[in-house]
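# Coordinates in review
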Amino acid sequence: MNAPIDVTDRSIYSRSIGIEHDPSQGPRVHRDHLGREVAPDLLALMGDTPLVALDKLSRDVPPTIVAKLEMLNPGGSVKDRIGIAMVEAAEAAGELRPGGTIVEPTSGNTGVGLAIAAARKGYRCIFVVPDKVSQDKISLMRAYGAEVVVCPTAVDPKDPRSYYEVSDRLAEQPGAFKPNQYFNQANPQTHIMSTGPELWRQTGGNIDAFVCGVGTGGTATGVGRYLKERNPDLKVIGADPEGSLYSADDVHPYLVEGIGEDFWPPTFDPDIVDVWERVSDQESFAMARRCTREEGILIGGSGGTALVGALRYAATQPEDASIVVLLPDSGRGYLTKLYDDTWMTEHGFVEHTSGAGSVGDVMASKGGDLPPVVHLHPDEEVSAAIGLLKEYGVSQMPVFAGGVHDDASPDDVLGSVRESALLDVALRDPAAMTKPIAEVLQPPLPMVSTDDALDRALAELSSGAPALLAHDTGRIVGVLTRADVLAYLADR
Ligand SMILES: Cc1ncc(COP(=O)(O)O)c(C=O)c1O
């Protein structure tokens, strides 16, 4: 048995994080004076995450991909590593003093890593998050005692409401320290000192390619630098969401959290990435769900992105290629998003409905007493339109050319009447009630065929259409709403 030791003496622990780490130093737990194997605190247990073979997901590619399970860090993500490292670097530099406040813009995981360090060390935390971050993640940071400020995503990074600007202002308060994971070199440095050496040790130096998502770029840069120094032939594969600046100029919003950017942060060295794989939200979410169901590994959306990238790259490699993919966090933070069928349906990610059938199937399932197509004519009055919307309990109705009844064709469609537009007109002009509908006409509802796959209808509905008009070989047969599709999917 080891000699009794003083567990409060931190210098005896081999830490998997921080710049002084040397993984060859031995285990992170030692026997205490009562002979128990213990770590001094949770911070000492960060890093040193295991590798696991993904034999099921890899079955259609020559090599078996191996995953580094970063969700097994004590705070549930790869960001635990940099949380404590940035705090300790700031303490050493005198930038963070007892009683200080940590202020950080974060998509959630870095917040948890920092909050754990702050809890142990007695700092206050304020986190600034974009509004697309899941409620689960926000609640989680609050559970650790952090204060969370939510900022709009759809604004320029230089806008005073953006999460970068808001956090800058908060960080100007006395005693505040902003770790700034997008600029802080302790971020990539942590991966040079811990994640990189771990991977080298765990693979016995047999690693040909490393695949990861790129957010701040800390992981890709740090791991890539370390591994390429050991093996200059190693390739780093960056898995990037469609919409991110890193892999293309086509920059637009996307739903995968934590990776991709609309600017180039100084923590990322773009030269480190040899191959970019651009991955859609749909592919990322479908792959995350597949990994959970086939491998039993519950991962977040950005893990799905990394896996799609890994599988695409692996498809071009020989059987004996050693490919490691980093899975940054757990799916527990996304149960109300990509693991929720209603959320997936509403966003047009209908992977679970494959084989669910067509627009015609939904129309047939509607049944009820509605006449085939309730509609209006352009010369009817606004008050009549309001009466009809109310009578049938609907929010929009098509407007057909006069004289047409139950056998309207797509050519007869003049436009639509929508509850929201009528309300607007009625509020602005009290005389509007007696006006003809022709004067308040809205664009036609998008048209789908009963033969169209449900995916197509869902894509239209999720891109903003209030409802769709369905036709069957040139005859309009009904209106299709989001609620109709959800009721159909729920009853299947
Ligand atoms: C879920 C998730 N995946 C991946 C990353 C990317 O890691 P890095 O910032 O080191 O590039 C992040 C970063 O926030 C993340 O939150």
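Residues numbered from 1 in each chain as written. Predicted model: local features only at pLDDT ≥ 70, side-chain atom pairs only at ≥ 80, totals over all residues. Heavy atoms only, no water.

## Here's the deal with the nonpolar core
- Counting 36 residues, the largest nonpolar core has Leu54, Ile299, Leu307, Val325 and Leu327 as the members making the most contacts within it.
- Those elements that place two or more of their residues in this core are strand E4 (66–69), strand E9 (209–213), helix H7 (281–295), helix H8 (301–314), strand E12 (323–327) and helix H9 (341–346).
- Top contributing element to this core by residue count: H8, with 7 residues.
- Contact partners of leucine 327, with chain neighbours within four places excluded, come to Ala67, Lys68, Leu69, Glu70, Met71, Ile299, Gly303 and Leu307.
- Core analysis: the next-biggest nonpolar cluster, separate from the first, contains 26 residues, Val87, Val112, Leu114 and Ala115 among them. (Core = buried A, V, L, I, M, F, W, Y, C linked by side-chain atoms within 4.5 Å. Buried < 20%, exposed > 50% of the residue type's maximum accessible area, 1.4 Å probe, protein only. Helix = DSSP H or I, 4+ residues; strand = E, 2+ residues; numbered from the N terminus. Contact = heavy atoms within 4.5 Å.)

## Some details on the domain arrangement of the protein chain
- With domains assigned, the protein chain is organised as domain 1 (10–45), domain 2 (51–75 + 186–339), domain 3 (80–177) and domain 4 (349–491).
- Placing the centre of domain 1 and that of domain 2 at their C-alpha centroids yields a distance of 28 Å. (Domains from an automatic or database assignment.)

## Some thoughts on the packing of helix H10 (residues 359–366) against helix H14 (residues 482–491)
- With their axes 9 Å apart at the nearest point, H10 and H14 run at an angle of 85° to one another. On the basis of the axis angle, H10 is roughly perpendicular to H14. Along the contact surface, H10 presents Asp361, Val362, Ser365 and Lys366, while H14 presents Asp484, Val485 and Tyr488.
- Grouping the amino acids of the contact of H10 with H14 by side-chain chemistry returns 3 nonpolar, 1 polar and 3 charged. (Axes fitted to C-alpha atoms, helices over the stretch in contact; angles between N-to-C directions. Parallel < 35°, antiparallel > 145°, perpendicular 65-115°, else oblique. Nonpolar A, V, L, I, M, F, W, Y, C, P; charged D, E, K, R; others polar.)

## Re the sheet that holds strand E15 (residues 447–449)
- The strand order across the open sheet built from 3 strands is E15-E16-E17, with neighbouring strands paired in mixed fashion. Both edges of this open sheet fall to E15 and strand E17 (475–480), since each of them pairs with a single strand only. Along the sheet, successive strands turn relative to each other by an average axial angle of 35°, direction set aside.
- Across 3 bridges, the pairing between E15 and strand E16 (residues 468–472) is parallel. Across the sheet, residue valine 448 finds its bridge partner in E16, namely alanine 470.
- In the packing of H10 onto the sheet, contacts are made with E15, E16 and E17, and the angle to E17 comes to roughly 75°. (Pairing = 2+ DSSP bridges.)

## Focus: the pairing of E9
- The buried fraction of E9 is high, at 5 of 5 residues.
- Of the two faces of E9, the one lined by Ala209, Val211 and Gly213 and the one lined by Phe210 and Cys212 are each fully buried.
- Taken together, the 5 bridges between E9 and strand E10 (residues 235–241) define a ladder with parallel strand orientation. Bridge pairing in E10 places phenylalanine 210 opposite valine 236.
- Read as a crossover between parallel neighbours, the route from E9 over helix H6 (residues 218–230) to E10 is right-handed. (Right-handed = clockwise from strand over helix to strand, strands pointing away.)

## Here's the deal with the site of the ligand
- Taken together, 16 residues surround the ligand, and among them Lys79, Gly215, Thr216, Gly217 and Thr219 come closest.
- Relative to its unbound accessible surface of 390 Å², the ligand loses 97% to contact with the protein.
- Among the residues making up the shell around the ligand, the classes are represented as 4 nonpolar, 9 polar and 3 charged. (Near = heavy atom within 4 Å. Areas by Shrake-Rupley, 256 points an atom, 1.4 Å probe, with all protein chains shown as cover.)

## A closer look at the packing of aromatic side chains
- One pass over the structure, following the stated rule, counts 11 aromatic pairs.
- Between the aromatic rings of tyrosine 246 and tryptophan 276, the centroid separation amounts to 5.8 Å while the plane-to-plane angle is 20°, which identifies the pairing as stacked. Of this pair, tyrosine 246 sits in the loop between E10 and strand E11 (275–279) while tryptophan 276 sits in strand E11, placing them 30 residues apart in sequence.
- Judged by its relative accessible area of 4%, tyrosine 246 falls in the buried class.
- Among the aromatic residues, those joined into a cluster by ring pairs are Tyr246, Trp264, Phe268 and Trp276. (Phe/Tyr/Trp six-rings, centres within 6.5 Å; stacked < 30°, edge-to-face > 60°.)

## With respect to the side chain of threonine 267
- Among the secondary structure elements, threonine 267 is positioned in the loop between E10 and E11.
- We classify threonine 267 as buried; its relative accessible area is 1%.
- Ignoring any residue separated from it by four or fewer positions in sequence, one finds threonine 267 in contact with Gln181, Tyr182, Phe183, Asn184, Gln185, Asn187, Pro188, Thr216, Gly217, Gly218 and Thr221.

## Observations regarding a negative patch on the surface
- A grouping of Asp208, Asp233, Glu319 and Asp320 is seen on the molecular surface, where their side chains present a negatively charged patch.
- Structurally, aspartate 320 can be placed in the loop between H8 and E12.
- Residue aspartate 320 is classed as exposed on the basis of its relative accessible area of 62%. (Patch = residues over 30% accessible without salt bridge, like charges linked within 9 Å, V, L, I, M, F, W, Y side chains within 5 Å. Salt bridge = Lys/Arg side-chain N within 4 Å of Asp/Glu carboxyl O. Lys, Arg positive; Asp, Glu negative; His and termini not counted. Charge placed at Lys NZ, Arg CZ, Asp CG, Glu CD.)

## Comments concerning the pattern of salt bridges
- Enumeration according to the criterion identifies 24 salt bridges in this entry.
- We note a salt bridge from glutamate 294 to arginine 290, for which the minimum N-O separation is 3.1 Å. Here glutamate 294 pairs with arginine 290, and both are found in helix H7, just 4 residues apart, close to one helical turn.
- Using a relative accessible area of 24% as the deciding quantity, one classes glutamate 294 as partly exposed.
- Overall, the relative accessible area of 26% leaves arginine 290 in the partly exposed class.
- For aspartate 484, the salt bridge is made with lysine 366, and the minimal N-O distance between the two is 3.1 Å. Within this pair, whereas aspartate 484 is found in helix H14, its partner lysine 366 is found in helix H10, the two being separated by 118 residues in sequence.
- A residue is classified by how much of its surface remains accessible, and lysine 366, at 32% relative accessible area, is partly exposed.

## Quick word on the environment of asparagine 180
- Note on placement: asparagine 180 falls in the loop between strand E8 (176–177) and helix H5 (186–202).
- Given the relative accessible area of 16%, asparagine 180 is considered buried.
- Residues asparagine 180 and methionine 344, 164 residues apart in the sequence, show an inter-C-alpha distance of 32 Å.

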